[in-house]
Amino acid sequence: MKEINSHISGFYKLPIAERQQLISKMVELTAKEVEMLRNSGYLTALQLDMMIENVIGGYILPFGIACNFKINQKDYLIPMVIEEPSVVAAASNAARMTRKHGGFQSDPVKSIMISQIQLTNIENIEEARKQLEQNKEEILKIANEHDPILNNLGGGALDVEVREIDTRRGKMLIIHLLVDVLDAMGANVVNTMAEAVAPYIEELCRGKIYLRIVSNLATHRIARSTAIFDKEMLGGEEVVEGILNAYEFALADPYRATTHNKGIMNGIIALTLATGNDTRAIEAGAHAYASLNGHYSPLTRFEKDENGNLKGEIELPLALGIIGGMTKVHPMARLALKILNVKSAEELSQVAAALGLAQNVAALRALASEGIQKGHMALHSRNIAKLAGVPDHLIEKVARIIVKDKKIRVDHAKEILQQLKNE
Ligand code: MEV
């Protein structure tokens, strides 16, 4: 490929078709590749163009359904968008193991978000604190004037917390505006409110405000879910013991805890993406919460119940919405919410927590017994066969042979294809 110059001024101003043409010329795309950019599926070029800047196409990922979930006595079909094989099947499988014991119990989740206001250069910290305390109602009033609809629906700014932090640039007061955002994820609402109250606080406290932004560590929006996973369905006592050992490993070792939590997020992020929510916010919040006590820890806990079954619990912040953002704009996100049939952001978080727990148990069960690769390999082998150029009607056959031969590699798939042709 020839060398390119990435300095393109006004790229964002071009119509999408011209952007496609320009990029296509620069990197010498084939007609088939250009067609792939043009054919963005169920989203029109205009819809895509309205979501982000510099759009040249859409990007499709698999959309699957996790089955068998009963949460707070209601059955759910959970939409998941993810590229990794085995994840959806694993979640469905683990959920099945809870049904005999009543499924998942998820706690109520309050939709309270934190907006941070960073007050610096304060003349008198004690006086500033006093002013904030005395004028709390006025701060809340100003914040709420900026979202009368939220207020009428029963939400809105409801409290102010003040934290003092020591930084290398001196002491700062960090003001937390707590806002009940109801069914929204809430970042937009709380950012607007923080910006609205900042000038008043600046004058009140005689300092200088810089940042006014949501915190993605939503510690007032904690989701908790528990379930009993059947001992026999898990594979017996030995597997339960293995899972408890895996849990202790994660508790003691951040290298393992990271992978343990990654498995949980396989489920939660797939649902977050399917419903048009902000995956980065959820991921950042979860990992920060996992290290809140100063030691990066697993987001789940496990023990045996009196009958030797596995009792699992998950706890993490989940700022998920069913209104605003992409949730109502993206047609597949709308469809996902319809399939999921949740009536509130709270219910969505309750489902997401249960899904995270199921995903974790499924991974730990596999790791504590046959290992993770067996499940992965069935789908992976089909991808390898495809990569080796195996025609569609032979993919299943070649995939089975390379799994049986324990040589799941492109070169071996090519060899098998050749043998089949020779036959
Ligand atoms: C793979 O995507 C997720 C796992 O690594 C999670 C785990 O190790 O617990 C299997």
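Residues numbered from 1 in each chain as written. Predicted model: local features only at pLDDT ≥ 70, side-chain atom pairs only at ≥ 80, totals over all residues. Heavy atoms only, no water.

Chemist: Even after reading the chapter, I still don't get the site of the ligand, so can you show me in this structure?
Modeler: Every residue lining the ligand is accounted for by Glu84, Arg256, Thr259, His260, Lys262, Gly263, Asn266, Ala363, Leu367 and Ile372. Contacts to the ligand include Lys262, whose side-chain N or O atom sits 2.6 Å from an oxygen atom. Isolated, the ligand exposes 300 Å² of accessible area, and the fraction of that covered by the protein chains is 85%. Applying the majority rule of atoms within 2 Å of the grid points places the ligand in the second largest pocket. (Near = heavy atom within 4 Å. Polar contact = N/O pair within 3.5 Å; in protein donor to acceptor, adjacent residues only side chain to side chain. Areas by Shrake-Rupley, 256 points an atom, 1.4 Å probe, with all protein chains shown as cover. 1 Å grid on protein atoms, 1.4 Å probe; cavity = no way out; pocket = protein on both sides within 12 Å on 5 of 7 lines; lining within 4 Å. Sits in = over half its atoms within 2 Å of the grid points.)

Chemist: Could you clarify how one ought to interpret empty space enclosed by the protein in this entry?
Modeler: Think of a ball as big as a water molecule: rolled over the atoms, this probe shows where empty space is left. On inspection of all chains with the given rule, the structure shows one cavity of 30 Å³ or more. Empty space within the largest cavity amounts to approximately 40 Å³. Taken together, the residues of the lining of the largest cavity sort by class into seven nonpolar, one polar and no charged. (Points joined across faces, edges and corners; volume = space filled by probe spheres on them. Nonpolar A, V, L, I, M, F, W, Y, C, P; charged D, E, K, R; others polar.)

Chemist: Before we go on, may I ask you to explain a nonpolar patch on the surface in this structure?
Modeler: Taken together, the side chains of Tyr59, Leu61 and Leu273 define a hydrophobic patch exposed on the protein surface, amounting to about 330 Å² of accessible area. Looking at where Leu273 falls in the secondary structure, it is placed in helix α11 (residues 254–274). Its relative accessible area of 36% is what places Leu273 among the partly exposed residues. (Patch = residues over 30% accessible without salt bridge, like charges linked within 9 Å, V, L, I, M, F, W, Y side chains within 5 Å. Salt bridge = Lys/Arg side-chain N within 4 Å of Asp/Glu carboxyl O. Helix = DSSP H or I, 4+ residues; strand = E, 2+ residues; numbered from the N terminus. Buried < 20%, exposed > 50% of the residue type's maximum accessible area, 1.4 Å probe, protein only.)

Chemist: I keep staring at the pairing of strand β5 (residues 156–167) and nothing clicks. Help me out?
Modeler: As a general feature of sheets, a regular strand has side chains that alternate between the two faces. Where β5 lies against strand β6 (residues 170–180), 11 bridges are found, and the strand directions are antiparallel. Paired with Arg163 across the bridge in β6 is Ile174. Turn length for the β5-β6 hairpin, with the two strands adjacent in sequence and antiparallel, is two residues. (Pairing = 2+ DSSP bridges.)

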